[in-house]
Amino acid sequence: MCEFCINHGEGKKWYRNMTNYTRELFLQVSTDKKLKNYLSNFAQSLHDGLVRAEKWKKRIPYIYSSLIYPWITHHQKKTHFGQVLPIEDVEYILDGVNSVVRLPCICRRINSGVETRVCYAVGMDTTHILKDVPDFSQFDRITAAEAKKEIKHLDTEGLTHSVWTFQTPFIGAVCNCDQDCMAYLFQYRKKLAKVMWKGEYVAIIDHDRCKGCCQCLKRCPFDAVRFDRGLGKCNIEVRNCYGCGICRPTCSEDALVLLEREKVPQVADSW
Ligand code: SF4
Ligand code: SF4
Ligand code: SF4
């Protein structure tokens, strides 16, 4: 289990602890006014934060890695932190919440100018706040069943699911991201700080089933699949695997399965 499960999970994976989605919990760590202010500046601060961090990393690489990287990570853990999760865990969350609101994806708007709605505010009803925040005021209230259907479709299209805090441990959103995602860029591509945990799982490939078509390799956004020329089959480099599970729908042979990360010794402590 990751650090958040230990601190906020009450014996479960932290995002399966439904207390973390409630207004009661929210009011212990924030207020409506603070959330409104945070969201009002959200897109701009994501963009500015990335540009600033990149500049400092280039200018003072040693100080950046020894001081600034851990400082940003520490700050994010307290304010806005995420974790990658597979579709099964998204469905578990949606089965347990009372409110689901579909929102515009800010990252895609910033990075490619694309307008799409693949962010879902879940749990506490935040529409009284969102209606006053220009970036999010165009929301749609939908049912959990509709959200499950949509996100299942996004899974087959190869979007990575994640869950996000807005003042940890309050959880406010489930996202479905591609490589325009600010968190993906910040953490994975540019290595500017840790802003999300890897998933609680890792994938493995059943070689009795794999026929080496490499569809899973093409799908993986984390460079975790390798083709073994000798065997003519693929392998998972578990140290790279984020446990998102989106490789699975590409496999016609049902050869990919997720294992609990804590049961795979090489990565049991790698978050
Ligand atoms: S985290 Fe993902 S879904 Fe959410 S705004 Fe960013 S790219 Fe869009
Ligand atoms: S998609 Fe399935 S069959 Fe193809 S390489 Fe991956 S695991 Fe093997
Ligand atoms: S190999 Fe791991 S990181 Fe890559 S798509 Fe599959 S589960 Fe996700």
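Structure: see above.
All values derive from a computational prediction rather than experimental measurement.

A. Seen up close, the overall build of the protein chain. Broken down by element type, the protein chain carries 11 helices and 11 strands. Computed over the C-alpha atoms, the radius of gyration of the protein chain is 19 Å, within 12% of the 18 Å expected from 2.2 N^0.38 for a compact globule of 271 residues. Each of the three principal axes of the protein chain carries a C-alpha extent, and together these read 60 × 50 × 40 Å. Expressed as a percentage of the 271 residues in the protein chain, the buried residues total 51%. Excluding contacts between residues fewer than 6 apart, the proportion of contacts in the protein chain whose partners are at least 24 apart in sequence is 69%. Surface exposure of the protein chain reaches about 13,100 Å², of which carbon and sulfur atoms provide 52%. Within the protein chain, one finds 39 positive and 32 negative side-chain charges whose respective centroids are separated by 6 Å.

B. Local environment of the environment of glutamate 88. Tracing the backbone through its elements, the reader meets glutamate 88 in helix 6 (residues 87-96). The class for glutamate 88 is partly exposed, based on a relative accessible area of 37%. Between the alpha carbons of glutamate 88 and isoleucine 236 there is a distance of 20 Å; along the sequence they are 148 residues apart. Sequence-distant contacts of glutamate 88, defined by excluding residues within four places in its chain, comprise Arg16 and Arg248. Polar contacts involving the side chain of glutamate 88 include one to the side chain of arginine 248, which spans 2.8 Å.

C. Up close: the site of ligand 2. Looking at ligand 2, the residues that line it are Ile205, Cys210, Lys211, Gly212, Cys213, Cys214, Cys216, Cys234, Cys251, Glu253 and Ala255. For the shell around ligand 2, a count of residues per class yields eight nonpolar, one polar and two charged.

D. Up close: the environment of phenylalanine 4. Secondary-structure assignment places phenylalanine 4 in helix 1 (residues 3-8). Residue classification places phenylalanine 4 among the buried positions, given a relative accessible area of 2%. Sequence separation between phenylalanine 4 and tyrosine 15 is 11 residues, and the spatial gap between their C-alpha atoms is 8.8 Å. Filtering out sequence-adjacent residues up to four positions away, phenylalanine 4 remains in contact with Gly9, Trp14, Lys77, Phe81, Thr165, Thr168 and Trp197.

E. A look at the pattern of salt bridges. Here the structure, examined in full by the defined rule, presents 19 salt bridges. Linking aspartate 140 and arginine 102 is a salt bridge whose minimum nitrogen-to-oxygen distance equals 3.0 Å. Note that aspartate 140 is positioned in strand 4 (residues 140-142) and arginine 102 in strand 2 (residues 100-103), a separation of 38 residues in sequence. Overall, arginine 102 belongs to the buried group, its relative accessible area being 16%. If you follow the salt bridges from partner to partner, you end up with Arg102, Arg117, Asp140 and Glu150 in one network.

F. Representation of unusual backbone geometry within the structure. A cis amide bond, omega 10 degrees, links threonine 168 with the succeeding residue proline 169. By the element assignment, proline 169 lies in the loop between strand 5 (160-165) and strand 6 (171-177). In this structure, glutamate 10 takes a positive phi of about 50 degrees despite not being glycine. The residue glutamate 10 is located in the loop between helix 1 and helix 2 (23-29) in this model. With a phi close to 55 degrees, aspartate 223 is a non-glycine residue in the positive phi region. Within the element layout of this structure, aspartate 223 appears in the loop between helix 11 (215-219) and strand 9 (225-228).

G. Structural detail: the sheet that holds strand 2. Here seven strands make up an open sheet; going across it, the order is 4-2-3-6-5-1-7 and the pairing mixed. Either end of the sheet is taken by a strand with one partner, and the two such strands are strand 4 and strand 7 (196-197).

Rules behind the numbers
Residues numbered from 1 in each chain as written. Chains lettered and ligands numbered in written order. Predicted model: local features only at pLDDT ≥ 70, side-chain atom pairs only at ≥ 80, totals over all residues. Heavy atoms only, no water. Helix = DSSP H or I, 4+ residues; strand = E, 2+ residues; numbered from the N terminus. Rg over C-alpha atoms; globule rule 2.2 N^0.38 Å. Buried < 20%, exposed > 50% of the residue type's maximum accessible area, 1.4 Å probe, protein only. Contact = heavy atoms within 4.5 Å. Areas by Shrake-Rupley, 256 points an atom, 1.4 Å probe, with all protein chains shown as cover. Lys, Arg positive; Asp, Glu negative; His and termini not counted. Charge placed at Lys NZ, Arg CZ, Asp CG, Glu CD. Polar contact = N/O pair within 3.5 Å; in protein donor to acceptor, adjacent residues only side chain to side chain. Near = heavy atom within 4 Å. Nonpolar A, V, L, I, M, F, W, Y, C, P; charged D, E, K, R; others polar. Salt bridge = Lys/Arg side-chain N within 4 Å of Asp/Glu carboxyl O. Pairing = 2+ DSSP bridges.

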